[in-house]
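This is what each chain is made of:
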Amino acid sequence: MNSSRPPSPFLRISTAPPSINSTPSLPPAAPSLNVAYVAAEVAIALLSVAGNLLVCAAVGLDRRLRTVTNYFLVSLAAADVCVGAVAIPCAVLTDVGLPRHDFYLCLLMLSVLIMFTQSSIFSLLAVAVERYVAIFMPFRYAAVMAPRNAALVILATWLLAFLIGLVPLMGWHKTPAGHASCFFVAAVDMTYMVHFNFFACVLTPLVIMFLIYAKIFVAVKRQVRRIASERGEGPARAAAGMRREMKTAASLFLVLFLFAACWIPLHVINCFLLLCPRCPVPLELLLAAILLSHANSAVNPFLYAYTMTAFRDAFRAIFTRWRRPGEASSAPSRDGGEEVSARRTRRTP
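Every chain is numbered on its own, with residues counted from 1 as its sequence reads. Restriction of local features to residues with pLDDT of at least 70 applies here, the model being predicted, together with a cutoff of 80 or more for giving and counting side-chain atom pairs; totals for whole chains, interfaces and linings are based on all residues. Just so you know, side-chain values use all the structure's heavy atoms and leave hydrogens and water out.

A. Quick peek at the overall build of the protein. In this text, helices come from DSSP runs of H or I with a minimum length of four residues, and strands from runs of E with a minimum of two, each type numbered from the N-terminal end. Counting its regular elements, the protein contains 11 helices and zero strands. When the helices and strands of the protein are listed from N to C terminus, the series reads α-α-α-α-α-α-α-α-α-α-α. Buried residues in the protein amount to 47% of all 349 residues. Whether two residues are in contact is decided by their heavy atoms, any of which lying within 4.5 Å being enough. Taking all contacts inside the protein whose residues are at least 6 apart in sequence as the whole, residues at least 24 apart take part in 79%. Only the protein chains shown count as cover for residues, and the accessible areas themselves come from Shrake-Rupley with a 1.4 Å probe. Carbon and sulfur atoms provide 67% of the accessible area of the protein, an area that totals close to 17,300 Å². Buried means the residue's accessible area, taken with a 1.4 Å probe over protein chains only, is under 20% of the maximum for its type, while exposed means over 50%, and partly exposed covers the values in between.

B. Seen up close, the packing of helix H2 (residues 68-95) against helix H3 (residues 103-136). Between N-to-C directions, angles cover 0 to 180 degrees, with each direction set by a line fitted to C-alpha atoms, over the stretch in contact for helices. Between H2 and H3, the shortest axis-to-axis distance is 8 Å and the interhelical angle comes to 165°. On the basis of the axis angle, H2 is roughly antiparallel to H3. For the crossing formed where H2 meets H3, the hand is left-handed. Lys, Arg, Asp and Glu make up the charged group, whereas Ala, Val, Leu, Ile, Met, Phe, Trp, Tyr, Cys and Pro make up the nonpolar group; the residues left over, Gly among them, are polar. Of the residues that constitute the contact of H2 with H3, the class distribution is 19 nonpolar, six polar and three charged. For this classification, under 35 degrees means roughly parallel, over 145 means roughly antiparallel, 65 to 115 means roughly perpendicular, and everything else is oblique. Two helices crossing with the near one rotated counterclockwise from the far one by less than a right angle form a left-handed crossing, whereas a clockwise rotation gives a right-handed crossing.

C. Focus on the nonpolar core. In terms of nonpolar packing, the biggest core is built from 90 residues, with Val188, Tyr213, Tyr304 and Phe311 touching the most fellow members. Not counting the four nearest positions on each side in its chain, Tyr213 is found in contact with Val127, Ala128, Ala249, Leu252, Phe253 and Leu256. To define a nonpolar core, start from buried Ala, Val, Leu, Ile, Met, Phe, Trp, Tyr and Cys residues and group those joined through side-chain atoms within 4.5 Å.

D. Structural context of the state of the cysteines. Note that a disulfide, as used here, is simply two cysteine sulfur atoms within 2.5 Å. In the structure shown here, the tally under the stated rule is one disulfide. For Cys276, the disulfide goes to Cys279, at an S-S distance of 1.5 Å. Given an S-S torsion of about 45°, the disulfide between Cys276 and Cys279 has right-handed geometry. Classification of Cys276 as partly exposed rests on a relative accessible area of 23%. Exposure remark for Cys279: the relative accessible area of 18% places this residue in the buried category.

E. Geometry of helix H7 (residues 190-228). A rise of 1.5 Å per residue sets the reference length of H7, with its 39 residues, at 57 Å; its end C-alpha atoms lie 53 Å apart and thus fit the reference within 8%. Axes are fitted to the seven residues ending at a residue and to the seven starting at it; the angle between these axes is taken as the bend at that residue. At Phe198, H7 shows its largest kink, close to 45°. Multiply 1.5 Å by the residue count of a helix minus one, and that product is the helix's expected span.

F. Seen up close, the packing of aromatic side chains. Paired rings are identified among Phe, Tyr and Trp, the last through its six-membered ring, by centres lying within 6.5 Å, and are further divided according to the angle between planes into stacked (under 30 degrees), edge-to-face (over 60) and tilted (the rest). Within the structure shown, the criterion is met by 16 aromatic pairs. Where Phe116 meets Phe162, the ring centres are 6.2 Å apart and the plane angle is 85°; that geometry is what we call edge-to-face. On the criterion of sequence distance, the pair formed by Phe116 in helix H3 and Phe162 in helix H5 (residues 147-165) is long-range, its members being 46 residues apart. Judged by relative accessible area, which is 7%, Phe116 ranks as buried.

G. Geometry of the pattern of salt bridges. Here a salt bridge means any side-chain nitrogen of Lys or Arg lying within 4 Å of a carboxyl oxygen belonging to Asp or Glu. Here the structure, examined in full by the defined rule, presents four salt bridges. Across the pair Asp62 and Arg64 runs a salt bridge whose closest N-O atoms are separated by 2.8 Å. Assessed through its relative accessible area of 13%, Asp62 is described here as buried.

H. Layout of the environment of Pro301. Within the secondary structure, Pro301 is located in helix H9 (residues 283-307). For Pro301, a relative accessible area of 7% translates into the label buried. In this structure the C-alpha to C-alpha distance between Pro301 and Cys56, which are 245 residues apart in sequence, comes to 10.0 Å. Ignoring any residue separated from it by four or fewer positions in sequence, one finds Pro301 in contact with Gly51, Asn52, Val55 and Phe315.

What follows is the structure in structure tokens.
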């Protein structure tokens, strides 16, 4: 493995002589650094695939989780499974310059992570819009966010994500160089990565989502204060419902915040290298940014288990069934599981 080339799905350091448009050379790294990088990528890939398949299984097995919000989260989980199963292996392969002698296959492999990242962003945007409709258009929610409409939105997000990721294959790429190895900066135009992918397709949706959640939080807090000033059982139930909406929105906002925190550093490095091509970038910093961006695909299942009771109970039920095959055991949830267990007890003669 050539340690002078960082194993990056976004940045590849060319060995050609420096020019005005070339990416600056990075200092050579010790061989153990790339071994550690590959080991970390393998661990992230395994966690991404296992954890997000668990999310999909939880929604499929637990009827309480079959909501429009969770359908969008399943779409996000599917994108993260693809990152672990497809995109990360492609990144590791291109670290050693594979595939060779096939420029367009090289472009395709370098584009897959862009596709799945874009699908994640659009899934997060769909979740934010769904929460906005639930809060500000409650009487139209059932019609606007019907399961069929949600399925169409998910299909549209994936199609649009694939089109954006395939833009380099449509012509926005560098002229194939004379060498046969596959490296990112030798194939993908960095103006596409920064001006189109980052500014238009990543940063703009992120800003929109942050504004949506800011408006949701302000509106819910104002509504809770107004309801709290009223007396009676009805206002108390309404206030409890609004607090649940606030908790759900806060959990989903945390998913969005972690996505931005994990991906922005790498995009900032891309911008820095495009605007200052001769400026040196420490290889360790670049590798850390790459691993951080990939690690985002593995953190969401842990986040769901920590912040969402329904997911935590569903995960526990799945593990219980796996440990005790043949038993229909499931952990009761705080929001209805104990009542179901009580009904079963009453039915028993």
